[in-house]
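One letter stands for each residue in the lines below.
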Amino acid sequence: MPNNTFPAKVVAYQDSQLEMGDYNQVIINKGKDDGIKRGQRFIVYSIGDELFDPDTNESLGCLEIVKGTGIASHVQDRMTTITTDNYKKVPKRVPKNSLYNLLTGIPSTNQEYIEEFVETKIPFKDVKKGDYVRPI
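These figures come from a predicted structure and were not determined experimentally. (Residues numbered from 1 in each chain as written. Predicted model: local features only at pLDDT ≥ 70, side-chain atom pairs only at ≥ 80, totals over all residues. Heavy atoms only, no water.)

A word on the nonpolar core
Worth spelling out the cut-off: The set of buried Ala, Val, Leu, Ile, Met, Phe, Trp, Tyr and Cys residues whose side-chain atoms join them within 4.5 Å is what this entry labels a nonpolar core. Throughout this description, buried means an accessible area under 20% of the type-specific maximum (1.4 Å probe, protein chains only), exposed means over 50%, and partly exposed covers the range between. In DSSP terms, a helix is any run of H or I states spanning at least four residues, a strand is any run of E spanning at least two, and both are numbered starting from the N terminus. Between two residues, a contact is recorded if the distance between any of their heavy atoms is within 4.5 Å.
Judged by nonpolar contacts, the single largest core of 15 residues is most densely connected at Val26, Ile36, Phe42, Val44, Ile82, Val127 and Val133. Counting residues per element, this core draws most heavily on strand E2 (residues 23-28), which supplies three residues. The contacts of Val44, once residues within four sequence positions are left out, are Val10, Val26, Ile65, Val66, Lys67, Gly68, Phe124, Val127, Asp131, Tyr132 and Val133.

Here it is as structure tokens:
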């Protein structure tokens, strides 16, 4: 991949979540023509404040504010869709069916519940058009 290819920029997003600015997919302005391949991992970030070493007062550069990571799920010639690759396990309350309930189909009047864990996507956080993207 040419060195001048990155950082790329977010040009659009889709698959919205509950909170404004959180999305499971971002589209960037680089694609096959720039050497991107399906399955490649990326970090999405914005640029924060410039930070300085407290001892030397020398610039350490600007802080990268991470919005999330993902993989190239669809690569076109000049753009790529990146899908979040972060998941978390969240509890889900489900009815506990006794053998009797399963065999007869008659629901119990005294329903018990169990908690099981399901994986859910962690979306890109507060992503905006123009945010930066680079391979990791």
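After presenting the structure, the write-up continues.
Things to note about the side chain of Lys67
Structurally, the position occupied by Lys67 is in strand E4 (residues 59-75). Discounting chain neighbours no more than four positions away, the residues touching Lys67 are Val44, Tyr45, Ser46, Pro123, Phe124, Lys125, Asp126, Val127, Lys128 and Asp131.

As for the environment of Asp53
Our working rule: In the analysis that follows, any N or O atom pair within 3.5 Å is treated as a polar contact, provided that within protein one partner can donate a hydrogen and the other can accept it, and provided that, for residues neighboring in sequence, both atoms belong to side chains.
Of note, Asp53 is situated in the loop between strand E3 (41-52) and E4. The residues touching Asp53, leaving out its near neighbours within four places in the chain, are Glu58 and Leu60. For Asp53, the side chain forms a polar contact with the main-chain nitrogen of Thr56, separated by 3.0 Å.

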